Amino acid sequence: MIKSLIESVLMILKKPVVLLAGIVFILIDFIFRYVVEDQAIETVFSFLNFSNYPLFELQKMPFQLIASYPSELIFVGLFLIISSVISTMMSVSLANYVFEKNKSITSSIMFSVKNLMKIILLVLFFGLIFVFSAIVLWIVALFAFAAGFLGAIILLLVIVFMGFVLLHFVFVPALIGKGLNIKKAFKESWNFSGKNFFSVILLLIGIALIDFVLSQIYIIILNTDFGENELMIIVEMIFTLIILTYTNIVFPLFYLNKSK
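**Considering the packing of aromatic side chains**
Moving on, step 1. Considering all chains together, one arrives at 15 aromatic pairs under this definition.
Moving on, step 2. Ring geometry for Phe169 against Trp190: centres 5.6 Å apart, planes inclined by 45°, an arrangement best described as tilted. Here Phe169 is found in the loop between helix H8 (149-167) and helix H9 (172-177), whereas its partner Trp190 is found in helix H10 (residues 182-195), with 21 residues between them in sequence.
Moving on, step 3. Looking at Trp190, the relative accessible area reads 34%, which means it is partly exposed.
Moving on, step 4. With 5.4 Å between their ring centres and 80° between their planes, Phe197 and Phe198 make a pair best called edge-to-face.
Moving on, step 5. The class for Phe198 is exposed, based on a relative accessible area of 64%.
Moving on, step 6. Each residue in the set Phe125, Phe126, Phe164, Phe169, Phe186, Trp190, Phe197 and Phe198 is aromatic and connected to the rest through ring pairs, giving one cluster.
Moving on, step 7. One Lys or Arg, Lys178, reaches over the ring of Phe99 and ends 6.0 Å from the middle of that ring.

**Looking at helix H11 (residues 197-222)**
Counting along an α-helix, one turn takes 3.6 residues, and residues three or four places apart therefore face a common direction.
Moving on, step 1. End to end, H11 covers 37 Å across 26 residues, agreeing with the expected 38 Å (1.5 Å per residue, within 8%).
Moving on, step 2. Of all the residues in H11, the buried ones are Val200, Leu203, Gly206, Ile207, Asp211, Leu214 and Tyr218.

**Things to note about H8**
Moving on, step 1. If you check H8, its first and last C-alpha atoms are 27 Å apart, about what 19 residues at 1.5 Å a residue would give, namely 27 Å.
Moving on, step 2. What H8 keeps buried is the set Gly151, Val158, Met162 and Leu167.
Moving on, step 3. Residues of H8 that are buried make contact with helix H7 (116-147), H10 and H11.

The rules behind each value
Residues numbered from 1 in each chain as written. Predicted model: local features only at pLDDT ≥ 70, side-chain atom pairs only at ≥ 80, totals over all residues. Heavy atoms only, no water. Phe/Tyr/Trp six-rings, centres within 6.5 Å; stacked < 30°, edge-to-face > 60°. Helix = DSSP H or I, 4+ residues; strand = E, 2+ residues; numbered from the N terminus. Buried < 20%, exposed > 50% of the residue type's maximum accessible area, 1.4 Å probe, protein only. Lys NZ or Arg CZ within 6 Å of the ring centre and 35° of its normal. Expected span 1.5 Å × (residues − 1). Contact = heavy atoms within 4.5 Å.

Remember that the coordinates give geometry; whether it matters functionally is a separate question.
Here's what the structure looks like:
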């Protein structure tokens, strides 16, 4: 686990060209967000204006929410799907670069473009899992409010179980970058995470700690006099680029190290 965390840092230092994938997809994401910026701001303010919310009973909440904000929910859904596709393309590109050692980073970027339909299907599938999970949590929450303490315990157990299942699928984007189809990627991710369950948990904790440290360094810079400089936006983009690139390199490297 530690080896993979360190190797990811060394890869960025030794092969800074790997940052190109992040630059490309962060730029695409920036352009996308710029195009939909006005509608996104309007939608956010619509959701944050709680004074306009009708009073929802918990058992009727999903249906009333859909009936009250159909266009906003559709927009948010499409926005999340497109953003997820862009970020997954970055993950697939970097994983492909790690797995295919003789490939250039541009070839790996093109690999994700060629597999765009597969990536879209993957994002939609995860979206369905999210919707199904939300429905289950809503049903369990209804029971929890009715059953009191016992219901709260069951709700907690369901959340833990969902986290357990999700943890088994964290390697799916990386395995798509390895060239596996969606079905095989899910199966291999489940089997691999099951065999290395506690190592995967430690890996996620390690990634979170490193990302946290980098975020704190950014905040420290932001709170200095330089934080008021117009160049601060470039610093923010650099930190975002490093954090995203590092996070997406760790998973395929960890898979390679554990598969040897």
